[in-house]
Amino acid sequence: MEGLGKKITLIVIAVAALTFAGVRACRVTANQVTVANELVGDGFCLACRTNVQFVHPKGEEPPHKCPACNERAVYRWYYCSECHRRFIPRMEKDIEGTLRPVRPTYCAACGCENVGPYYEGFVEVPPIEDVEPPPSQ
Ligand SMILES: [Zn+2]
Ligand SMILES: [Zn+2]
């Protein structure tokens, strides 16, 4: 009988450990969801003409809110893999007069399509220069 009691104790411990692991796993997942709902980007504010790192809800269309001046005038930097320049995509006003990036996106310097959102440290060649961002109007 002693052996059986030991076995039961071990099972109880194992179940408790698994439950604890389960709770931890849930917590981690919840954190990841929170992080994934907000994204960080490198952008340029057309209102205060400043380079900013901004946080925005996932799926939010530009312009984003500026952490420096609070204006909704931040556009993400794009990077060209051909000429290695950073640029703000060409924009057009929508019916409400808000500037929206024109899709598809082409490099503002060389005009090629080999471009994507810029993430510091995720490009093979660091940007050689920034193309002058467009005016705010
Ligand atoms: Zn600003
Ligand atoms: Zn280019």
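Residues numbered from 1 in each chain as written. Chains lettered and ligands numbered in written order. Predicted model: local features only at pLDDT ≥ 70, side-chain atom pairs only at ≥ 80, totals over all residues.

1. Section: the nonpolar core
So, step 1. Of all hydrophobic cores here, the largest spans 18 residues; its most connected members are Phe44, Cys45, Val74, Cys80, Phe87 and Cys107.
So, step 2. Counting residues per element, the ones that place at least two in this core are β1 (38–45), β4 (72–76) and β5 (78–80).
So, step 3. Aside from chain neighbours lying at most four places away, what touches Cys45 is Thr50, Val52, Cys66, Ala68, Cys69, Glu71, Ala73 and Val74. (Core = buried A, V, L, I, M, F, W, Y, C linked by C-beta atoms within 7 Å. Buried ≥ 20, exposed ≤ 12 C-beta atoms within 10 Å, placed from the backbone. Helix = DSSP H or I, 4+ residues; strand = E, 2+ residues; numbered from the N terminus. Contact = placed C-beta atoms within 7 Å.)

2. What about the pairing of β1?
So, step 1. As paired strands, β1 and strand β2 (residues 50–57) are joined by eight bridges and run antiparallel to one another. Residue pairing across strands places Val40 opposite Val55, the latter belonging to β2.
So, step 2. Counting the residues that bridge the hairpin from β1 to β2 gives four residues, and of these Arg49 lies at a positive phi of roughly 55°.
So, step 3. Both β1 and β4 contribute to a ladder of three bridges, which runs antiparallel. Looking at β4, one finds that Cys45 is bridged to Val74. (Pairing = 2+ DSSP bridges.)

3. Details of the environment of Pro133
So, step 1. Positionally, Pro133 belongs in the segment after β10 (129–130).
So, step 2. For the pair Pro133 and Pro89, spaced 44 residues apart in sequence, the C-alpha to C-alpha distance is 8.4 Å.

4. With respect to the confidence of the model for the protein chain
So, step 1. When pLDDT is averaged across the protein chain, the result is 84; 74% of the residues are at 70 or more.
So, step 2. pLDDT under 50 marks residues 22–34. Its contacts with residues more than four places away, or in other chains, come to zero contacts. (pLDDT = per-residue confidence, 0-100.)

5. Brief notes about unusual backbone geometry
So, step 1. For the bond from Pro62 to Pro63, the omega torsion is 10°, close enough to zero to count as cis.
So, step 2. Tracing the chain through its elements places Pro63 in the loop between β2 and β3 (64–65).
So, step 3. Cis peptide bonds are those with omega within 30 degrees of zero, and the linkage from Arg103 to Pro104 qualifies with -5°.
So, step 4. Phi at Arg49 takes a positive value of approximately 55°, unusual for a residue other than glycine.
So, step 5. For Arg49, the location among the structural elements is in the loop between β1 and β2.
So, step 6. Since 13 C-beta atoms lie within 10 Å of it, Arg49 is described here as partly exposed.
So, step 7. Phi at Asn70 is positive, roughly 70°, even though this residue is not glycine.
So, step 8. Turning to its location among the elements, Asn70 is positioned in the loop between β3 and β4.
So, step 9. Under the C-beta neighbour-count criterion, Asn70 is labelled exposed, with 11 such atoms within 10 Å.

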